Amino acid sequence: MEKTKKVLVTATNYSALCPEAKRLLEEAGCEIVENRLGRPHAREELIPLVTDIHGVIAGVDTWDEEVFRLAPNLKAIARFGVGVDNIDLAKASERGIKVSNVPGGNANAVAELAVGLILSLLRNIPALQQSAKRGHWDRRVGEELAGKTVGLLGFGHIAQMVARKLQGFEVRLIAFDKYPNEAKASELGVELASSDQVLLESDIVSMHLPSLKETRHMMSHAQFAMMKSSAYFINTARGALVDEEALYKALHERMIAGAAIDVFEVEPVSADNPLFRLDNLLATPHTAAETAETYRRVGLVTARALLDVFAGKDPANLLRA
């Protein structure tokens, strides 16, 4: 590289969790501007940072035409993860900005959290922990996972890892996918089904679809109404897949037994979100991919992607509109 490239990192905890990736960029002459907030940037916080950057290691903040206009030197966006619904690929392409991601980089972490949320719901683990720490002895009766039907909406890499991890729990596994991998389903003992069948028959429904125009609010009033009143809903995918008003109604009216969600329609989520008033909701702050192993793995891939673009090459996992 002929001159110093300025790299904005909007993913959090970069110095602490991606020291190898940071060193790789610095040794190549990059100046790094880190997110020190410990959370995603709000739009008004992001805009002042982009005016002179050449590359971005992007978290879940929004990258669209307005932001691109303010960043004339921007040549590369390396998404710190797999989902790119927060990046306008068409506008990026028009401006010659190369966008890449890290497919599968966080799959194990997300799959593990999905399983953890299932167990937490069935056994009331968060509520029991709070009760015990207050000195109460609230030994509420939970449910066992064994013998239940777990339905997967989406059967990509993360869902397949969830299925593999659940095999030892003696559950029935069913899955819907628009383009199903029949060989992988057979290998993992998963029955392929329609989305309606997954909703109707499952005791636990776990969301693993991408966020696209056609999947927006895929879970709405009609879909929650199809589920068993004893069923649980898990979302570690994207908030836009779920109509939050419909989810609130389903939980408040006990149309379903409970839900655990790691993602929201608007993030960072507001403390006055009505969902937080419900005692049958378990929530985490978009933390499914937040493991030391994921940070190291994804950090190195994204750093190399930026350096490839700066060197005039296409990055690995280049995305096109």
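Residues numbered from 1 in each chain as written. Predicted model: local features only at pLDDT ≥ 70, side-chain atom pairs only at ≥ 80, totals over all residues. Heavy atoms only, no water.

The name given to the protein chain in an unreviewed UniProt entry is Phosphoglycerate dehydrogenase, with Paenibacillus arenilitoris as the source organism.

Asker: For this particular structure, what's the right way to read the UniProt feature "domain: D-isomer specific 2-hydroxyacid dehydrogenase catalytic" (unreviewed entry) in the protein chain?
Answerer: In this structure's numbering, the residues bearing the UniProt feature "domain: D-isomer specific 2-hydroxyacid dehydrogenase catalytic" (unreviewed entry) are residues 14-319. This span, residues 14-319, is 37% helix and 15% strand, and a straight line between its end C-alpha atoms measures 23 Å. (UniProt positions renumbered as here; feature names shortened; annotations may be inferred. Helix = DSSP H or I, 4+ residues; strand = E, 2+ residues; numbered from the N terminus.)

Asker: Mind showing me how you'd approach unusual backbone geometry here?
Answerer: Glycine aside, the phi torsion of most residues is negative, and most peptide linkages are trans. Cis geometry marks the peptide bond from E267 to P268; its omega dihedral reads -5 degrees. In this structure, P268 sits in the loop between β11 (258-261) and β12 (281-283). Its identity as a non-glycine residue notwithstanding, R254 has a phi of 60 degrees, on the positive side. Inspection of the secondary structure assignment puts R254 in the loop between α12 (244-252) and β11. Given a relative accessible area of 45%, R254 falls into the partly exposed group. (Buried < 20%, exposed > 50% of the residue type's maximum accessible area, 1.4 Å probe, protein only.)

Asker: Even after reading the chapter, I still don't get the packing of aromatic side chains, so can you show me in this structure?
Answerer: Any pair of aromatic rings gets described here by the distance separating the centres and the angle formed by the planes. Per the stated rule, a full pass over the model turns up 3 aromatic pairs. Summarising the aromatic geometry, the rings of F224 and F233 are spaced 5.4 Å apart at their centres and angled 85 degrees between planes, so their arrangement reads as edge-to-face. Looking at F224, the relative accessible area reads 1%, which means it is buried. Residue F233 is classed as buried on the basis of its relative accessible area, which comes to 0%. Ring geometry for F264 versus F276: centroids 5.7 Å apart, planes at 75 degrees, classification edge-to-face. (Phe/Tyr/Trp six-rings, centres within 6.5 Å; stacked < 30°, edge-to-face > 60°.)

Asker: How should I be thinking about the environment of S202 in this particular structure?
Answerer: By the element assignment, S202 lies in the loop between α10 (195-201) and β9 (204-207). Look at S202 and you get buried, because its relative accessible area is 0%. Sequence separation between S202 and R320 is 118 residues; the distance between their C-alpha atoms is 36 Å. Dropping the residues within four chain positions of it, S202 is found in contact with T149, V150, G151, I174, K228 and A231. A polar side-chain atom of S202 sits 3.3 Å from the main-chain amide nitrogen of G151. Here the side chain of S202 touches V198 through a polar contact of 2.6 Å, landing on its backbone oxygen. (Contact = heavy atoms within 4.5 Å. Polar contact = N/O pair within 3.5 Å; in protein donor to acceptor, adjacent residues only side chain to side chain.)

Asker: Can you help me understand the sheet that holds strand β7 (residues 172-176) in this one?
Answerer: Sheets are built from strands that pair by backbone hydrogen bonding, the pairs being arranged parallel or antiparallel. Spatially, 7 strands are ordered β8-β7-β6-β9-β10-β11-β12 in an open sheet, and the strand pairing comes out parallel. A strand with exactly one partner marks an edge of an open sheet, and here the two such strands are β8 (190-192) and β12. Between one strand and the next, the sheet's axes are offset by a mean angle of 20 degrees, whatever the strand orientation. Here 4 bridges tie β9 to strand β10 (residues 232-235), and the two strands are oriented parallel to one another. If you follow M207 over to β10, its bridge partner there is N235. Helix-sheet contacts for helix α6 (residues 107-123) involve β9, β10, β11 and β12, and the interaxial angle to β10 is about 150 degrees. (Pairing = 2+ DSSP bridges. Axes fitted to C-alpha atoms, helices over the stretch in contact; angles between N-to-C directions.)

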